[in-house]
Amino acid sequence: MRASTGVFDYLAIWAAKRAKGRPYRLMVMFMTITAIASPFLDNVTTIMLVAPVTVVVCNRLRIPAQPYLITEILASNIGGAATLIGDPPNIIIGSRAGLTFTDFPVHMAPIVVIVFVAFVLFTRLLFRKSFRYHPEHVAAVLALHERRAITDPRMLRRCLVVFAAVVLCFGLHSVLRSSSS
C-alpha cells in the first residue's frame, strides 16, 4: 500500500508535524502509528513500511534514527499481539485455544494497551539521551507537505475499501460459520 499510495509517508509527515520536531513526541507518534497498524498487518511488513520514512524524518531533524527504529520494532510486536493476524504465533494460539478472530482482541487488547503505555513511558527513560531538540532543523520537517505524499488517491481508496472488507470478513467469520452449520 505504501509504494503505490504513499499512505505511510503521509502518516510519518503528519506525525512529525504534529510533534513539532520534538524528539520524544515524535517517537510516541511513530510508535503509536506502528502499534495501530501491526494488529492488521504482519509485523515485518509494518516495519518495512514505517522504517524508511522514519529514517527520512530523523535525518531531516538531525537526530539518530536507531532509537526510533528500535521502538517501532517493539511497538509492532506489542501491537501485533492484539489480533490473530498481527503475529503468526497468534494463529496457532487462537486455533489451539478455540478463539475466534473477535475473541482474541477481546482478551488481548486490554493487555496490549497496558503494555504499550508502559513501554511508551519506559522509552522516555531508556532513550533520554537521544532526545536532543534542534529547533533550527524543525523547519525542514514543517516544510514537508503530507498531502503530496499520497501519490495515488484512487488506489488508496481502493486499498482501504479492500482492507476494511478483509478485516470485516475476519470479524464476521465465526458468525457466518455458525449460521451455515
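Calculation notes
- Residues numbered from 1 in each chain as written.
- Predicted model: local features only at pLDDT ≥ 70, side-chain atom pairs only at ≥ 80, totals over all residues.
- Heavy atoms only, no water.
- Helix = DSSP H or I, 4+ residues; strand = E, 2+ residues; numbered from the N terminus.
- Expected span 1.5 Å × (residues − 1).
- Polar contact = N/O pair within 3.5 Å; in protein donor to acceptor, adjacent residues only side chain to side chain.
- Contact = heavy atoms within 4.5 Å.
- Buried < 20%, exposed > 50% of the residue type's maximum accessible area, 1.4 Å probe, protein only.
- Core = buried A, V, L, I, M, F, W, Y, C linked by side-chain atoms within 4.5 Å.
- Patch = residues over 30% accessible without salt bridge, like charges linked within 9 Å, V, L, I, M, F, W, Y side chains within 5 Å.
- Areas by Shrake-Rupley, 256 points an atom, 1.4 Å probe, with all protein chains shown as cover.
- Salt bridge = Lys/Arg side-chain N within 4 Å of Asp/Glu carboxyl O.
- Axes fitted to C-alpha atoms, helices over the stretch in contact; angles between N-to-C directions.
- Left-handed = near helix turned anticlockwise from the far one by under 90°.
- Nonpolar A, V, L, I, M, F, W, Y, C, P; charged D, E, K, R; others polar.
- pLDDT = per-residue confidence, 0-100.

## Examining helix H4 (residues 43–61)
Then, number 1: Look at H4: 26 Å from first C-alpha to last across 19 residues, which is about the 27 Å you get at 1.5 Å a residue.
Then, number 2: The residue sitting at the N-terminus of H4 and contributing the capping side-chain oxygen is aspartate 42; that oxygen lies 3.1 Å from the backbone nitrogen of valine 44.
Then, number 3: Phi turns positive, to about 55°, at arginine 62, one or two residues after H4.

## Examining the environment of valine 167
Then, number 1: Tracing the chain through its elements places valine 167 in helix H10 (residues 153–180).
Then, number 2: Expressed as a C-alpha distance, the spacing of valine 167 and phenylalanine 101, which sit 66 residues apart in the sequence, is 9.5 Å.
Then, number 3: Every residue in contact with valine 167, bar those within four places of it in the chain, is listed here: Phe40 and Phe101.

## Describing the side chain of threonine 83
Then, number 1: Mapped onto the elements, threonine 83 comes out in the loop between helix H5 (66–80) and helix H6 (88–97).
Then, number 2: Residue classification places threonine 83 among the buried positions, given a relative accessible area of 5%.
Then, number 3: Beyond its immediate chain neighbours, meaning those up to four positions away, threonine 83 contacts Pro39, Asn90, Phe101 and Phe104.

## A look at the nonpolar core
Then, number 1: Among the nonpolar cores identified, the biggest contains 30 residues, and Leu26, Phe30, Met31, Val57, Leu61, Tyr68 and Phe116 are the most heavily contacted of them.
Then, number 2: Counting residues per element, the ones that place at least two in this core are helix H2 (7–18), helix H3 (23–37), H4, H5, helix H7 (103–126) and helix H8 (135–142).
Then, number 3: The biggest single contributor to this core is H3, with seven residues.
Then, number 4: Setting aside residues up to four positions removed in sequence, phenylalanine 116 forms contacts with Met31, Thr32, Ala35, Ala75 and Ile78.
Then, number 5: Within the second largest apolar cluster, 12 residues are counted, among which are Ala37, Leu41, Leu144 and Ile150.

## Digging into a nonpolar patch on the surface
Then, number 1: A cluster of nonpolar side chains, namely Val113, Val117 and Leu121, defines an oily patch on the protein surface of about 280 Å² accessible area.
Then, number 2: With respect to the element layout, leucine 121 can be found in helix H7.

## Focus: the packing of H3 against H5
Then, number 1: Remark: H3 packs on H5, axes separated minimally by 8 Å, with the N-to-C direction vectors making an angle of 35°. Handedness of the crossing formed by H3 with H5: right-handed. Together, Pro23, Tyr24, Leu26, Met27, Phe30, Met31, Thr34 and Ala35 of H3 and Pro67, Tyr68, Thr71, Glu72, Ala75, Ser76 and Gly79 of H5 make up the contact between the two elements.
Then, number 2: Along the lines of polarity and charge, the residues of the contact of H3 with H5 split into 10 nonpolar, four polar and one charged.

## A word on unusual backbone geometry
Then, number 1: Residues other than glycine seldom take positive phi values, yet lysine 20 does so here, at roughly 55°.
Then, number 2: For lysine 20, the position within the fold is in the loop between H2 and H3.
Then, number 3: For arginine 62, which is not glycine, the phi torsion reads 55° and is therefore positive.
Then, number 4: On the secondary structure map, arginine 62 appears in the loop between H4 and H5.
Then, number 5: Note on arginine 62: relative accessible area 56%, which makes it exposed.

## Some remarks on the confidence of the model for the chain
Then, number 1: Residues with a pLDDT of 70 or more make up 93% of the chain, whose mean pLDDT is 86.
Then, number 2: Here helix H1 (residues 2–5) is the element of the chain with the lowest mean pLDDT, 60, and H5 is the one with the highest, 96.

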